[in-house]
Amino acid sequence: MRLFPLFADLQNRRVLVVGGGAVAERKVASLLSSGAVVTVGAPEATAEILRLHKQGAIALHHASFQPEWLDDMWLVIAATDNRDINQHVASLANERRLLINVVDDPALSSFQVPSIVDRAPLVIAISSSGYAPVIARRVRERIEALFDHSLGELVALAARHRPAIRQARPDMRQRRQFYDWLLDGPVASALRKHQPIAAEKALQTELQQPQAATQGKVVLVGAGPGDPGLLTLNALRALNEADIILYDRLVSNEIRELARRDATQVCVGKIPGEDHNATQSRIHQLMLEHAQAGQFVVRLKGGDAFVFGRGGEELEFLRAHDIPYEVVPGITAAMACASYAGIPLTHRDYAQSVRLTTAHFSKDTTAEDWVSLAQEKQTLAFYMGVSQLDWLPGRLIANGRSGDTPYALIENGTRSYQRVLHGKLKNLTAQARQHAFKAPSLLLIGEVTALAPKLQWFGASIDAEDVISIPCESTTP
Ligand code: SAH
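No experiment lies behind these values; they were computed from the predicted model shown.

Draft legend 1. How the structure looks around the sheet that holds strand β15 (residues 406-411). Taking strand neighbours across the sheet as the criterion, the 6 strands line up as β13-β14-β17-β15-β16-β18 in an open arrangement whose pairing is mixed. The two strands at the open ends of the sheet, each matched to only one other strand, are β13 (353-358) and β18 (460-463). Across the sheet, the mean angle from the axis of one strand to that of its neighbour is 20 degrees, orientation sign disregarded. Sheet topology places strand β16 (residues 419-424) next to β18; 4 bridges connect them, and they run parallel. The residue of β18 that forms the bridge with Arg 419 is Ala 460. In the packing of helix α14 (residues 333-340) onto the sheet, contacts are made with β13, β14 (378-384), β15 and β17 (441-445), and the angle to β17 comes to roughly 75 degrees.

Draft legend 2. The arrangement of the site of the ligand in detail. Taken together, 18 residues sit near the ligand, with Asp 304, Val 307, Thr 332, Gly 413 and Ser 441 positioned nearest. In the environment of the ligand, an oxygen atom lies 2.6 Å from a nitrogen or oxygen atom belonging to the side chain of Thr 332. Notes on the ligand: free accessible area 540 Å², of which the protein chains cover 88%. Under a 2 Å grid-point criterion requiring more than half of the atoms, the pocket assigned to the ligand is the second largest pocket. For the shell around the ligand, a count of residues per class yields 11 nonpolar, 6 polar and 1 charged. Taken domain by domain, the shell around the ligand gets at least three of its residues from each of domain 3 (217-331) and domain 4 (335-467).

Draft legend 3. Here's a closer look at the pattern of salt bridges. All chains considered together, the criterion is met by 22 salt bridges. For Arg 260, the salt bridge identified is with Asp 262, shortest N-O distance 2.4 Å. For Arg 260, a relative accessible area of 12% puts it in the buried group. Overall, the relative accessible area of 51% leaves Asp 262 in the exposed class. Two residues, Arg 419 and Glu 411, come together in a salt bridge whose shortest N-O distance is 2.8 Å.

Draft legend 4. Here's a closer look at the sheet that holds strand β5 (residues 99-102). Read from one edge to the other, the open sheet built from 5 strands follows the order β3-β2-β1-β4-β5, with strand pairing classed as parallel. A single partner strand is all that each edge strand has here, and the edge strands are β3 (59-61) and β5. With strand direction ignored, the average angle separating the axes of adjacent strands in the sheet is 20 degrees. Note that strand β1 (residues 14-18) and strand β4 (residues 75-78) share 4 bridges and pair parallel. Bridge pairing in β4 links Val 18 to Ala 78. Taken strand by strand, helix α3 (residues 83-95) contacts β1, β4 and β5, and its axis lies near 165 degrees from that of β5.

Draft legend 5. How the structure looks around the pairing of strand β11 (residues 296-301). The buried fraction of β11 is high, at 6 of 6 residues. Burial along β11 is two-sided: the residues Phe 296, Val 298 and Leu 300 and Val 297, Arg 299 and Lys 301 are all buried. The pairing of strand β8 (residues 217-222) with β11 spans 6 bridges and is parallel. Bridging from a neighbouring strand, Gly 222 pairs with Lys 301 of β11.

Criteria and cut-off values
Each chain has its residues counted from 1, running along the sequence as written. Given that this is a predicted model, residues contribute local features only at a pLDDT of at least 70 and side-chain atom pairs are listed and counted only at 80 or more, while totals for whole chains, interfaces and linings are drawn from all residues. Excluding hydrogens and water, the side-chain figures rest on all heavy atoms present in the structure. DSSP calls a pair of strands paired once it identifies at least 2 bridges connecting them. Where helices and strands are cited, they refer to DSSP runs of H or I of at least four residues and of E of at least two residues respectively, numbered from the N terminus. The angle between two axes is taken between their N-to-C directions and runs from 0 to 180 degrees, where each axis is a line fitted to C-alpha atoms and a helix contributes only its stretch in contact. Pairs of residues are marked as contacts when any of their non-hydrogen atoms sit within 4.5 Å. We define proximity as follows: a residue is near a molecule or strand when any one of its heavy atoms falls within 4 Å of that partner. Polar contact is the term for a pair of N or O atoms within 3.5 Å; when the atoms are in protein, one must be able to donate a hydrogen and the other to accept it, and sequence-neighboring residues count only if both atoms are side-chain atoms. Accessibility throughout is a Shrake-Rupley quantity obtained with a 1.4 Å probe, and a residue counts as covered only by protein chains that appear here. Grid points spaced at 1 Å and placed over the protein atoms alone form the basis of the search, with a cavity being a set where a 1.4 Å probe fits but cannot get out and a pocket an open set showing protein on both sides within 12 Å along at least five of seven lines. Lining residues have an atom within 4 Å of a point. For a cavity or pocket, the test is whether more than half of a molecule's atoms lie within 2 Å of its grid points; if they do, the molecule sits there. The residue classification treats Ala, Val, Leu, Ile, Met, Phe, Trp, Tyr, Cys and Pro as nonpolar and Asp, Glu, Lys and Arg as charged. All others, Gly included, are polar. The domain limits used here are those given by an automatic or database domain assignment. The salt bridge criterion pairs a side-chain nitrogen of Lys or Arg with a carboxyl oxygen of Asp or Glu, the two atoms within 4 Å. For every residue, the accessible area (1.4 Å probe, protein chains only) is compared with the maximum for its type, and the residue is labelled buried under 20%, exposed over 50%, or partly exposed between those bounds.

Structure, rendered in structure tokens:
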């Protein structure tokens with residue numbers, strides 16, 4: 001179940017609370033602070049509820065639940081400790097299409113009340129869809145610690161100056177920059193020091209500064225291999241500031257969901273039938289067009305932009321057109337897949353060097369290149385399509401690498417459905433086919449990969465040699 005989040009304006013709207021105990025009392029207090037017109041119905045009520053009634057702050061039905069209490073209500077909260085009564089109230093409310101919350105009973109509720117971090121007018125609401133309120137509360141505690149109480153004052157200040165801000169920064173992007181400055185700059189810091197007048201002054205001074213037209217730029221961002229936890233802080237910042245994000249197919253959805261909500265996202269992967277060079281020049285044109293229009297362009301690539309990512313060509317193009325750029329490195333597939341498969345890329349005993357290479361060889365690849373690739377005591381990381389597995393192992397063996405060299409093939413590295421296949425080079429082609437390994441997969445070859453079964457800590461691991469031996473064992477008498 002996925003709930004629809006909603007903030008309700010209950011100002012001058014009638015709300016019924018069924019129940020008169022401590023829980024009902026808490027609900028009444030928060031409803032009153034939102035300006036609701038509250039009626040409580042219960043045969044008995046706490047002293048506080050009675051006092052509120054006496055003061056005229058709430059209406060009170062001093063009786064057992066009556067269906068007509070629901071008349072004219074917008075919302076209902078059932079907070080009795082009797083499930084039969086709660087159920088009765090819920091079914092009548094549902095008949096009348098009134099939204100109802102039964103406290104601590106998601107099955108009977110049509111809306112739930114979230115845990116909140118209250119920095120009014122800024123409110124952060126957290127819900128576990130009713131499944132784990134304790135976890136929601138823990139999350140709330142963490143968020144509480146992130147934002148001090150001056151945040152509410154900052155939002156209130158921004159609200160008071162909103163028309164002036166709109167007028168002084170008519171351009172949406174300049175306005176966003178202004179709000180960033182508000183959140184990170186001297187205004188927020190003055191409010192934290194309880195200096196509201198200084199804060200007000202700083203805001204007004206800034207608003208009077210004329211704004212230069214913003215210059216567009218491109219940030220080439222490495223998104224890493226898939227796990228969003230592997231993004232750098234700089235990558236996250238760029239995603240939060242972007243106007244437009246040009247992303248490759250390899251970039252995971254979880255990562256794209258971290259971007260600013262109103263940034264335009266364009267998939268610039270290869271269009272079926274289009275060749276790589278046409279794809280690349282389409283990307284160049286898009287970067288140019290948007291940066292020249294003054295936009296903040298994020299060019300988001302899987303792994304690292306400078307490792308088999310054509311990042312260099314993109315920068316050369318930008319430089320030729322005088323577009324300012326920055327580069328944010330990402331964790332490349334070889335490093336990430338090795339870590340998540342428990343394979344040290346170098347090891348004092350087994351490998352003194354690592355080669356990041358690809359099985360997409362150019363026609364100038366020479367015999368010497370193959371001989372050097374086939375040498376021992378080095379780790380080879382192949383960035384490649386799985387179809388290359390048909391011939392690559394045979395080629396390495398033909399050039400001198402032992403067929404017993406261990407390998408690890410990592411599919412969807414760092415993602416929750418990562419699979420690692422390990423075995424011997426001579427069996428790789430058959431084993432990859434048998435286990436139907438698909439793209440994206442990274443191939444590691446070398447003595448270090450023998451450590452994978454021992455050091456494995458993430459996702460599924462398949463010992464291909466072992467699997468092959470199973471039928472033999474079962475046929476032995
Ligand atoms: N710039 C990227 C590489 C792009 S080339 C980087 O630095 O990682 C694309 C190849 O990278 C794929 O064919 C595959 O071999 C490898 N690759 C990328 N992400 C991967 C992942 N999550 N798991 C396994 N291999 C991956």
